[in-house]
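# Commentary on secondary and tertiary structure
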Number of protein chains: 2
Amino acid sequence: MDRPKIIIDVHGADNSPYALVDGAIRSLSQDGFDIVFIGQEQVINKELLKYTYDNNRISLVHAPDVVNTTDKPTEVIRFKKESSMIMGLNMLKTQDDCIAMISAGNTGTYLTGGVLIVGRLTGVLRPSLAAFVPTVGGNKLCICDAGANVDSKPEYINQYALLASCYMRAFRDIQNPKVGLLNNGIEDNKGTVVIKETYNLLKANKYINFVGNVEARYALEDIADIVVADGMMGNILLKSIEGTAITVFKMLKNEILSGGIGSKLGAALLKKTFGNIRYKMDYQQVGGAPLLGLNKIVLKAHGSSEATSIKQSVWDIYKMHNKKMIENIKESILNANK
Amino acid sequence: MDRPKIIIDVHGADNSPYALVDGAIRSLSQDGFDIVFIGQEQVINKELLKYTYDNNRISLVHAPDVVNTTDKPTEVIRFKKESSMIMGLNMLKTQDDCIAMISAGNTGTYLTGGVLIVGRLTGVLRPSLAAFVPTVGGNKLCICDAGANVDSKPEYINQYALLASCYMRAFRDIQNPKVGLLNNGIEDNKGTVVIKETYNLLKANKYINFVGNVEARYALEDIADIVVADGMMGNILLKSIEGTAITVFKMLKNEILSGGIGSKLGAALLKKTFGNIRYKMDYQQVGGAPLLGLNKIVLKAHGSSEATSIKQSVWDIYKMHNKKMIENIKESILNANK
């Protein structure tokens, strides 16, 4: 096999194209993979002029069209076949040396396109999005599904646990990751009809390490490595953690600005401390979220990703590739469905 | 009518009985209502010895039994008829001068008991819990339903909007409160089957001020005064906001403790600033959450409530009573169901 290639869709993000190009170029400080930029040739070439880089590791594929954030998935897939996102996914599907794609564009379209074009591994019911949030103990909690599917059936959520466990083994080197079920209480009779049924399936699932229900209040307290949920609930958990952290920092800033000289001096002395926490809570320091259960790695970067996050995403993908995550998921699903 | 009485269940909370007794005694700095303590006579009398208070405003009803946090609602209602919680709810139902009850005990039992014993107002489909969280702008966002019901039908959630609007009018003096629907995106075609149907009902509901979908990420950004959701989603939003705020403060503390003399000095200078934010984010400063849609005010205080929160809850109830919240809900439901 040729050197593995990672496709970068440069369009559709808040910071397109510069954060995507900048991040990918920075990722080249590690060796072992090459980058394929996909998008409008002129735009990419103009951006590339700003950098010095190893020509052998970068290539460019021209895609004339761009997917906008307001575009509807079904319409894009039918009518925007020449967009960077759709062309990228087709390239990922058909070219053996392409191991992964990164896009920070239209989430719904990218996830739908990923499933329809790149395709599911045999036995996968619903591919699901796995996102990380920082915990009190300095670990990272994996939320799965973080938003790919709503109205999930119990058997889907049960399988998310398996997919996320393979991901944690490959990517975080945790051999037997603890799986919790997001719920409104820890007792085993809590929750919706779907959650109660899911609880029973997870409890009986011998391929995962189920630790019971996890309440949103304690999600960041390192009770579990993975929290599984329907994509709607997972999305609310993920986004409210993100929103609240930002809110607390905004309140802190407002208080300091409206405080006296003492509070400003205090803030100056704590600059490093605040920086460390912001760094810990900052999703820019975390790579994007992979859509697990597909034939290849389809990674969704945050719409407002900066170069650091894109660089990290490339490195994350290379690690998943080296740890043979896709092969492990394939094997696990086959075993579980036996 | 006699002076309004507020029943306080002194048992079943983390800080029982002292926080309940202390808080209620402190609330007497306002006039206009009286307090009825319900619980084990000896326990309450022993606690009351610590205080000086106006004897005319305090009475005591002996209840021999106590509801524990692990008790099942249906079993308590059948077999613990002499518990402070069940006796209190029966007293609230039958005595005209009793306007409200506060309990910080077993949530599931209290909510079930509230519905079964105190009873719903005519036309109310599902009583729902309304809880507040602090926003960036210094306001309070009402989350409804915050956890009373799971598997809510669209017509239930549509009615939560009406109940919470009456609550905000009475309690926060907001005449035309903005109602948002908790969802995983702002577009009108987002969400589960239930959420999409709810969206259409809310949009057509002329008795509320619907402002569209609200994402968890922006819930604290003062887009809406009320966010409605199924109790499962509402609970996750509420609890993850609470948990994340606590997590950020824990991280801050850990960083400061592991930092040098400079960071400790900085922290000392910012003591007031930190205190202000903790105060803003602290649910102890907010009263309990009312179960809306019942014939009387049934208020659930946080299990770990301290005296401040109980005092605030009593005052909140007195305000709802003066603003005729129950009568307004009754009338609104009748109008909407016409």
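This section reports on the structure supplied with the text.

Turning next to the relation of the copies chain B and chain A. Placing chain B over chain A gives an RMSD of 0.1 Å and needs a rotation angle of 180°, together with 0.0 Å of translation along the axis. Here the symmetry operator amounts to a two-fold rotation axis. For chain B, the minimum C-alpha distance to the rotation axis belongs to B:Gly266 and amounts to 1.9 Å.

Inspection of the entire model under this criterion finds 11 aromatic pairs over all chains. Ring centres 5.7 Å apart and planes at 35° place the aromatic pair A:Phe132 and A:Phe171 in the tilted group. Pair noted here: A:Phe132 is in strand S5 (residues 128-134) and A:Phe171 is in helix H6 (residues 154-172), with a separation of 39 residues, a long-range link. For A:Phe132, a relative accessible area of 10% puts it in the buried group. Taking 5.2 Å as the distance between ring centres and 55° as the angle between the ring planes, the aromatic pair formed by B:Phe33 and B:Tyr318 counts as tilted. Highlighted residues: B:Phe33 in the loop between helix H1 (18-27) and strand S2 (34-39) and B:Tyr318 in helix H11 (residues 307-322), separated in sequence by 285 residues. Among the aromatic side chains, those forming a connected cluster through ring pairs are A:Phe132, A:Tyr167 and A:Phe171. Sitting over the ring of A:Phe33, A:Arg57 keeps its end group 5.1 Å from the ring centre.

The next point concerns the interface of chain B and chain A. With 52 residues of chain B at the contact, the number on the chain A side is 52 residues. Linking chain B with chain A are four salt bridges. For B:Glu221, the salt bridge is made with A:Lys250, and the minimal N-O distance between the two is 3.0 Å. Viewed at the interface, chain A and chain B are joined by seven residue pairs in polar contact (both at pLDDT 80 or more). Breaking the side of chain B that touches chain A down by element, the ones donating at least two residues are strand S7 (178-183), helix H7 (193-204), helix H8 (231-258), helix H9 (261-269) and helix H10 (271-281) of chain B. The leading source of residues in the side of chain B that touches chain A is H8(B), at 21 residues. In terms of residue class, the side of chain B that touches chain A is made up of 27 nonpolar, 16 polar and nine charged.

Another aspect to go through is a nonpolar patch on the surface. A contiguous nonpolar surface patch, about 330 Å² in accessible area, is contributed by A:Leu265, A:Leu269, B:Leu265 and B:Leu269. Counting only elements with at least two residues in the nonpolar patch, the list comes to helix H9 (261-269) of chain A together with H9 of chain B. Relative to the helices and strands, A:Leu265 resides in helix H9.

What follows concerns the sheet that holds strand S1 (residues 5-9) of chain A. Residues and elements named next belong to chain A. Read from one edge of the open sheet, 11 strands run S3-S2-S1-S4-S11-S10-S5-S6-S9-S7-S8, paired in mixed fashion. The open sheet has two edge strands with one neighbour each: strand S3 (58-62) and strand S8 (209-215). Pairwise comparison of adjacent strand axes, ignoring direction, gives a mean angle of 25° for this sheet. Two elements, strand S7 (residues 178-183) and S8, share six bridges in a ladder whose sense is parallel. Considered in S8, the bridge of Asn183 is made with Glu215. Along the sheet, helix H11 (residues 307-322) contacts S1, strand S2 (34-39), strand S4 (98-103), strand S10 (289-292) and strand S11 (297-300); its crossing angle with S4, the most-contacted strand, is approximately 150°.

Attention now moves to empty space enclosed by the protein. One pass over the full model with this rule turns up four cavities of 30 Å³ or more. Residue assignment for the lining of the largest cavity shows that the elements contributing at least two residues are helix H8 (231-258) of chain A together with H8 of chain B. Counted by class, the lining of the largest cavity contains eight nonpolar, no polar and no charged residues.

A separate point is the pattern of salt bridges. All names here are of chain A. Applying the stated criterion across every chain yields a total of 26 salt bridges over all chains. With a shortest N-O distance of 3.7 Å, Arg57 and Asp34 are connected by a salt bridge. Here the residue Arg57 occupies a position in the loop between helix H2 (41-48) and S3, and Asp34 occupies one in strand S2, the gap between them amounting to 23 residues. On the basis of relative accessibility, which here comes to 7%, the residue Arg57 falls in the buried class. One salt bridge connects Lys80 with Asp71, and the closest N-O pair in it is separated by 2.7 Å. Residue Lys80 is classed as buried on the basis of its relative accessible area, which comes to 16%. The class of Asp71 is buried, set by a relative accessible area of 19%. In this structure, a network of salt bridges that share partners links the residues Arg3, Asp31, Asp34 and Arg57.

Formed by 205 residues in total, the largest nonpolar core has its most connected members in A:Ile35, A:Phe37, B:Ile35 and B:Phe37. Setting aside its immediate chain neighbours within four residues, B:Ile35 contacts B:Ile6, B:Ile8, B:Ala24, B:Ser27, B:Leu28, B:Arg57, B:Ile58, B:Ser59 and B:Val314. Core analysis: the next-biggest nonpolar cluster, separate from the first, contains 22 residues, A:Phe249, A:Met251, A:Ile277 and B:Ala245 among them.

Another point: the sheet that holds strand S3 (residues 58-62) of chain B. Residues and elements named next belong to chain B. Read from one edge of the open sheet, 11 strands run S3-S2-S1-S4-S11-S10-S5-S6-S9-S7-S8, paired in mixed fashion. Where the open sheet ends on each side, the last strands, each with one partner, are S3 and strand S8 (209-215). Neighbouring strand axes in the sheet, compared pairwise and without regard to direction, differ in orientation by 25° on average. In the sheet, strand S10 (residues 289-292) pairs with strand S11 (residues 297-300) via two bridges, with the strands oriented antiparallel. Bridge pairing links Ala289 to Lys300 in S11. Helix H4 (residues 84-94) contacts strand S1 (5-9), S2, S3, strand S4 (98-103) and S11 of the sheet and is inclined by roughly 160° relative to S4.

Attention shifts here to unusual backbone geometry. All names here are of chain A. Pro17 follows Ser16 through a cis peptide bond whose omega is -10°. Residue Cys144 is joined to Asp145 through a cis peptide bond whose omega torsion reads 15°. With respect to the helices and strands, the residue Asp145 is situated in the loop between strand S6 (140-144) and H6. Non-glycine residue Asp173 carries a positive phi angle of around 55°.

The subject of this paragraph is the pairing of strand S6 (residues 140-144) of chain B. Successive side chains on a regular strand alternate, one facing one side of the sheet and the next facing the other. Residue and element names in this part refer to chain B. Burial analysis of S6 places four of its five residues in the buried class, the great majority of the element. Here strand S5 (residues 128-134) runs beside S6; their pairing, made up of five bridges, is antiparallel. Within S6, the position partnered with Pro134 by the bridge is Lys140. Linking two consecutive strands that pair antiparallel, namely S5 and S6, is a turn of five residues; a positive phi of about 85° is found at Gly138 within it. Both S6 and strand S9 (residues 226-228) contribute to a ladder of three bridges, which runs parallel.

Here we take up helix H5 (residues 107-118) of chain B. Residue and element names in this part refer to chain B. The end-to-end C-alpha distance of H5, which contains 12 residues, comes to 15 Å, matching closely the 16 Å that a straight helix rising 1.5 Å per residue would cover. Among all positions in H5, only Thr109, Tyr110, Leu111, Gly113, Gly114, Ile117 and Val118 are buried. Residues of H5 that are buried in the fold lie against helix H3 (73-79), H4, S4, S5, S10 and S11. A positive phi of about 85° marks Gly119, the residue just after H5.

Cut-offs used in this document
- Residues numbered from 1 in each chain as written.
- Chains lettered and ligands numbered in written order.
- Predicted model: local features only at pLDDT ≥ 70, side-chain atom pairs only at ≥ 80, totals over all residues.
- Heavy atoms only, no water.
- Least-squares fit on C-alpha atoms with pLDDT ≥ 70 in both.
- Phe/Tyr/Trp six-rings, centres within 6.5 Å; stacked < 30°, edge-to-face > 60°.
- Helix = DSSP H or I, 4+ residues; strand = E, 2+ residues; numbered from the N terminus.
- Buried < 20%, exposed > 50% of the residue type's maximum accessible area, 1.4 Å probe, protein only.
- Lys NZ or Arg CZ within 6 Å of the ring centre and 35° of its normal.
- Contact = heavy atoms within 4.5 Å.
- Salt bridge = Lys/Arg side-chain N within 4 Å of Asp/Glu carboxyl O.
- Polar contact = N/O pair within 3.5 Å; in protein donor to acceptor, adjacent residues only side chain to side chain.
- Nonpolar A, V, L, I, M, F, W, Y, C, P; charged D, E, K, R; others polar.
- Patch = residues over 30% accessible without salt bridge, like charges linked within 9 Å, V, L, I, M, F, W, Y side chains within 5 Å.
- Areas by Shrake-Rupley, 256 points an atom, 1.4 Å probe, with all protein chains shown as cover.
- Pairing = 2+ DSSP bridges.
- Axes fitted to C-alpha atoms, helices over the stretch in contact; angles between N-to-C directions.
- 1 Å grid on protein atoms, 1.4 Å probe; cavity = no way out; pocket = protein on both sides within 12 Å on 5 of 7 lines; lining within 4 Å.
- Points joined across faces, edges and corners; volume = space filled by probe spheres on them.
- Core = buried A, V, L, I, M, F, W, Y, C linked by side-chain atoms within 4.5 Å.
- Expected span 1.5 Å × (residues − 1).

By themselves these figures say nothing about function.
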